[in-house]
Amino acid sequence: MRSVPERDAACAIAQAAAVVGDWWSLLLIRESARGHHRFDALQEELGISRKVLTERLVHLVETGILEKVPYQDRPVRHEYRLTESGRGLLPVLLSMQDWADRWVFGDGSLSGTADEASTEARRVAGLVGERLPRLELPGHRDGVPVDPVADSVATVLFCYPATGSPGPLPDGWSGILGTVGCTLENRLFRDAYEDFRAAGAEVRGISTQRPDEQRVFAVEEGIPFTLLSDVDLRLAAALRLPTFRAGQLLRLKRAVLVVDRDRTVRHTRFPVTDIPAAVGEALAEVRRLAAQD
């Protein structure tokens, strides 16, 4: 929380660093995106002292990144939630995550997938038992925001990099490991959709393509379920989903999650190296949850 020297007064990078360049400030933005909003929850997640936490929260509220929202009257207690300005930083956090996955944890190779033993795979596997915070993403039909979690026994969320229609895909797309198969995946979920519905589940496809792009594809392929656009990376930030950069955009790596009606992640599959098997695995998990319901 340093002041910007006069020589950098007109430098937007310096000004942004002065607001969010602190380690704890960045992690507090990350935790708010993950659904941790209360003081004690933030302290527990970060292992931070109460004094430092208080200082950073005051700073982020003063700079308009977080806002205090009362959740209790007697005594008055507040939650700390991202403002529109704060949500605008989520792509920055995901870019940092993507850079570290590639250059710190990885060997620098550009890939749309990962190894079973990678930190990305461990991060996705660790989502089991976690709750998806409440958020909404634009749906492909009319761009109206939709909750990714349906009011069903379970919701299958399958993330994919991008479909070729309406295209064009970035140059060299097919040469990036893990990118090929998005249309196949959508078709397999489409063909099994009635089986998922019969088991009491809903299906959502998610990419970082725009809703209008998804709409063209959905009409062409007769996709019966909703495709959601994570163009602002809200879901990716909430779950710290693996991404890669292609065509100057962050794309979701292929992953499958099954979430119950209480928003708890019950099953994950990442990396997805066998798409038909991943669809069948998700259906089996849905049927298992339905039998317990």
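Every value quoted in this text rests on a predicted model; they were computed, and no experiment measured them.

Chemist: What is the right way to read the pairing of strand β6 (residues 201–207) from this model?
Modeler: Of all 7 residues that make up β6, 7 are buried, and the element is covered over most of its length. Residues Ala201, Val203, Gly205 and Ser207 of β6 are buried on one face, and the alternating residues Glu202, Arg204 and Ile206, pointing to the opposite face, are buried as well. As paired elements, strand β5 (residues 154–159) and β6 share 6 bridges and run parallel to each other. Looking at the pairing, Val156 lines up with Val203 of β6. Relative to strand β7 (residues 226–229), β6 is paired through 4 bridges, and the arrangement is parallel. The residue bridging Ile206 from the neighbouring strand is Leu228, located in β7. Taken together, β6, helix α10 (residues 211–221) and β7 form a β-α-β motif whose crossover is right-handed.

Chemist: Could you clarify how one ought to interpret the sheet that holds β5 in this entry?
Modeler: Backbone hydrogen bonds hold the strands of a sheet together, and the pairing may be parallel or antiparallel. The strand order β7-β6-β5-β10-β11 describes an open sheet built from 5 strands, whose pairing is mixed. Both outer strands of the open sheet, β7 and β11 (265–269), are each paired with one neighbouring strand and no more. Neighbour-to-neighbour, the strand axes of this sheet turn through a mean angle of 20°, independent of strand direction. Together, β6 and β7 form the strand contacts of α10, whose direction differs from that of β7 by roughly 155°. Running over the sheet, helix α12 (residues 275–292) touches β5, β6, β10 (255–260) and β11 and is turned about 165° from β11.

Chemist: What is the right way to look at the packing of aromatic side chains in this model?
Modeler: Two aromatic rings are characterised by how far apart their centres lie and by the angle between their planes. Overall, the coordinates contain 7 aromatic pairs when judged by the stated rule. Judged by centre distance (4.3 Å) and plane angle (10°), the ring pair of Phe158 and Phe189 falls under stacked. Of the two residues, Phe158 sits in strand β5 while Phe189 sits in helix α8 (residues 182–191), which places them 31 residues apart along the sequence. On the basis of an interplanar angle of 40° and a centroid distance of 5.9 Å, the ring pair of Trp173 and Phe244 is categorised as tilted. Taken together, the residues span a long stretch of sequence, with Trp173 in the loop between β5 and α8 and Phe244 in strand β8 (residues 243–246) at a distance of 71 residues. Residue class for Phe244 comes out buried when judged on its relative accessible area of 1%.

Chemist: Please clarify how the environment of Ala255 should be interpreted in this entry.
Modeler: Note that Ala255 resides in strand β10. Overall, the relative accessible area of 1% leaves Ala255 in the buried class. Separated by 142 residues in sequence, Ala255 and Thr113 place their C-alpha atoms 9.0 Å apart. The residues touching Ala255, leaving out its near neighbours within four places in the chain, are Leu157, Phe158, Cys159, Arg269, Phe270 and Val272.

What counts as what
Residues numbered from 1 in each chain as written. Predicted model: local features only at pLDDT ≥ 70, side-chain atom pairs only at ≥ 80, totals over all residues. Heavy atoms only, no water. Buried < 20%, exposed > 50% of the residue type's maximum accessible area, 1.4 Å probe, protein only. Helix = DSSP H or I, 4+ residues; strand = E, 2+ residues; numbered from the N terminus. Pairing = 2+ DSSP bridges. Right-handed = clockwise from strand over helix to strand, strands pointing away. Axes fitted to C-alpha atoms, helices over the stretch in contact; angles between N-to-C directions. Contact = heavy atoms within 4.5 Å. Phe/Tyr/Trp six-rings, centres within 6.5 Å; stacked < 30°, edge-to-face > 60°.

Everything listed is a geometric property; what it means functionally is a separate question.
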